[in-house]
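Descriptive structure summary
Listed below, chain by chain, are the residues.
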Amino acid sequence: MSSDIILKIEKLKVKISGKEILKGIDLEVPRGSIFAIMGPSGSGKSTLLRAINRLWDLYPDVEVEGKILLEGRDVYQMDPHELRKMVGMVFQRPNPFPHMSIFDNVAIGPKMHKMVKSKEELERLVEWSLKRAYLWDEVKDDLKRKAGRLSGGQQQRLCIARAIALKPKVLLMDEPTSALDVVSTKRIEENIVELKKEFTVLIVTHNPQQAARISDYVAFIYDGKVVEVGPTSEIFTRPKHELTEKYVLGKV
Ligand SMILES: Nc1ncnc2c1ncn2[C@@H]1O[C@H](COP(=O)(O)OP(=O)(O)OP(=O)(O)O)[C@@H](O)[C@H]1O
């Protein structure tokens, strides 16, 4: 496998209660890119993201078939604890631990994974993460404040800080701005673009404009299949499939 491909998905099928939701997905995600997965509601975008970090493991009625290789390693053969560290996830709705402090929300992961040896190292890592999530300036004077008291946009940036504190190989984002207003959305989009200097970002969006604004590559998913995948500029200016063209123009 080319070392420039950090994540490779082969013939991925997911069945939920016997119904095939993903019908054979093949994708290659280049390292250091923002890779958008776009498609209409119900096309299987979230199902795909959840298969990558094995969130379906605990659902007895969900079957996952095919291969997902992260840095060449089959994620389904990995220790789940190790996988949690390698793959960060940010969900649609901000989900910080509301009763924990801002500091502890970010610190808990590195502590659990024994990433730091001293209090000072932990403080540096928390600061580093909050700066990368563009939240540091707003919270640095009161890191003991409860996370639940932050605004929605701040909470989502805290969730980004919490995810990147583990220095994951890949950051999965499932419609991270869909619950936010325009200003918060813009901030988070700018943040995601900055993050690709250090991380590979796989972002699900049902908003083609968002994919066009921030991604380098895009896969258009429809009814559990990849209709088209390629550099974002090509998909938006010269789509090969009629369905992609319709979707990009907002007609699907
Ligand atoms: N836990 C579940 N149990 C049963 N069906 C599910 C479950 N999760 C997803 N599905 C079904 O799988 C299909 C794909 O859903 P998924 O959430 O992956 O789509 P999506 O493209 O992310 O949509 P949206 O943009 O609306 O979030 C839908 O038909 C949905 O009803």
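Residues numbered from 1 in each chain as written. Predicted model: local features only at pLDDT ≥ 70, side-chain atom pairs only at ≥ 80, totals over all residues. Heavy atoms only, no water.

Looking up the protein chain in an unreviewed UniProt entry gives the name Phosphate ABC transporter ATP-binding protein, with the organism given as Ignicoccus pacificus DSM 13166.

**Topic: the confidence of the model for the protein chain**
What counts, and what does not: How sure the predictor is of each residue is captured by pLDDT, a score from 0 to 100. Elements are defined by DSSP. Helices are runs of H or I of four residues or more, strands are runs of E of two residues or more, and each kind is numbered from the N terminus.
Considering every residue of the protein chain, the mean pLDDT works out to 94; 99% of them sit at 70 or more. Within the protein chain, the lowest mean pLDDT, 91, falls on helix α7 (residues 182-195), and the highest, 98, falls on strand β1 (residues 5-16).

**Points about the sheet that holds strand β8 (residues 200-205)**
The test is simple: Should DSSP find at least two bridges between two strands, the strands are taken to pair. The axes used here are C-alpha line fits, helices contributing only the stretch in contact, and every angle between their N-to-C directions lies in the interval 0 to 180 degrees. Whether two residues touch is decided by their heavy atoms; if any such pair falls within 4.5 Å, the residues are in contact.
Judged by pairing direction, the sheet is mixed, and its 6 strands sit side by side in the order β6-β7-β8-β3-β9-β10 without closing on themselves. Bordering the open sheet on either side are β6 (87-90) and β10 (225-231), each of which pairs with just one other strand. The average angle at which neighbouring strand axes cross in this sheet is 15°, direction not considered. Sheet topology note: the strand β3 (residues 34-38)/β8 ladder contains 5 bridges and is parallel. Its bridge partner being in β8, phenylalanine 35 is matched across the sheet by leucine 202. Here helix α6 (residues 152-164) sits on the sheet in contact with β6 and β7 (170-174), set at roughly 175° to β6.

**Focus on the layout of surface pockets**
Selection criterion: Think of a 1 Å grid over the protein atoms and nothing else: a 1.4 Å probe that fits but is trapped marks a cavity, an open set flanked by protein within 12 Å on at least five of seven lines marks a pocket, and residues with an atom within 4 Å of a point count as lining. Grid points are joined across faces, edges and corners, and a volume is the space filled by probe spheres set on the points. Lys, Arg, Asp and Glu make up the charged group, whereas Ala, Val, Leu, Ile, Met, Phe, Trp, Tyr, Cys and Pro make up the nonpolar group; the residues left over, Gly among them, are polar.
In this model, the largest pocket occupies a volume close to 450 Å³. Taken together, 17 residues form the lining of the largest pocket, with Arg84, Met89, Phe97, Arg162 and Leu166 sitting closest to its centre. Elements represented by at least two residues in the lining of the largest pocket include exactly β6, α3 (102-112) and α6. Across the lining of the largest pocket, the residue classes break down as 10 nonpolar, 5 polar and 2 charged.

**Focus on the pattern of salt bridges**
To keep it simple, the criterion reads: Put simply, a salt bridge is a Lys or Arg side-chain nitrogen that is within 4 Å of an Asp or Glu carboxyl oxygen. Whether a residue is buried, partly exposed or exposed follows from its accessible area with a 1.4 Å probe, protein chains only, as a fraction of its type maximum: under 20%, in between, or over 50%, in that order.
Throughout the structure, instances matching the rule amount to 18 salt bridges. The salt bridge partner of glutamate 138 is arginine 187, with a shortest N-O separation of 3.2 Å. Taken as a pair, glutamate 138 in helix α5 (residues 136-139) and arginine 187 in helix α7 lie far apart in primary sequence, 49 residues in all. Given a relative accessible area of 34%, arginine 187 falls into the partly exposed group. Among the ionic pairs, lysine 186 bridges to glutamate 190, the shortest N-O distance being 3.0 Å. In this pair, lysine 186 and glutamate 190 both sit in helix α7, 4 residues apart, roughly one turn of the helix. When salt bridges with common partners are traced through the structure, they connect Lys8, Glu10 and Glu28 into a single cluster.

**Concerning the site of the ligand**
Note the following rule: Residues are labelled near a given molecule or strand when at least one of their non-hydrogen atoms is within 4 Å of it. Here a polar contact is recorded for every N or O atom pair within 3.5 Å, except that within protein the pair must consist of a potential hydrogen donor and a potential acceptor, and residues adjacent in sequence are included only if both atoms are side-chain atoms. In this description, accessible areas are obtained by the Shrake-Rupley approach with a 1.4 Å probe, and a residue is regarded as covered only by the protein chains that are shown.
Taken together, Ile16, Ile21, Pro40, Ser41, Gly42, Ser43, Gly44, Lys45, Ser46, Thr47, Trp56 and Glu175 make up the full set of residues adjacent to the ligand. Between the ligand and the protein, one listed contact pairs an oxygen atom with a backbone N or O atom of glycine 44 at 3.0 Å. One nitrogen or oxygen atom from the side chain of serine 46 is found 2.9 Å from an oxygen atom belonging to the ligand. Contact with the protein chains covers 61% of the free accessible surface of the ligand, which is 640 Å². Ranked by residues supplied to the shell around the ligand, first place goes to helix α1 (residues 45-52) with 3 residues. Across the shell around the ligand, the residue classes break down as 4 nonpolar, 6 polar and 2 charged.

**Observations regarding the environment of tryptophan 56**
Among the secondary structure elements, tryptophan 56 is positioned in the loop between α1 and β4 (62-70). Judged by relative accessible area, tryptophan 56 falls into the buried class, the value being 10%. It is 26 Å that separates the C-alpha atoms of tryptophan 56 and alanine 107, two residues lying 51 residues apart in sequence. Discounting residues that sit within four places of it in the chain, tryptophan 56 has contacts with Val14, Ile16, Thr47, Arg50, Ala51, Val62 and Val64.

**Details of the environment of leucine 143**
Tracing the sequence through the fold places leucine 143 in the loop between α5 and α6. With near-sequence residues (within four places) excluded, leucine 143 lies in contact with Ser101, Ile102, Phe103, Leu130 and Trp136.

**Focus: the pairing of β3**
Most of β3 sits inside the fold, with 5 of its 5 residues counted as buried. Sheet topology note: the β3/strand β9 (residues 217-222) ladder contains 4 bridges and is parallel. Paired with phenylalanine 35 across the bridge in β9 is tyrosine 217.

**As for unusual backbone geometry**
Of note in the backbone geometry, lysine 167 takes a positive phi value of approximately 50° without being a glycine. Position of lysine 167 relative to the elements: it lies in the loop between α6 and β7. Assessed through its relative accessible area of 43%, lysine 167 is described here as partly exposed. Residues other than glycine seldom take positive phi values, yet glutamate 175 does so here, at roughly 45°. Take glutamate 175: it is sitting in the loop between β7 and α7.

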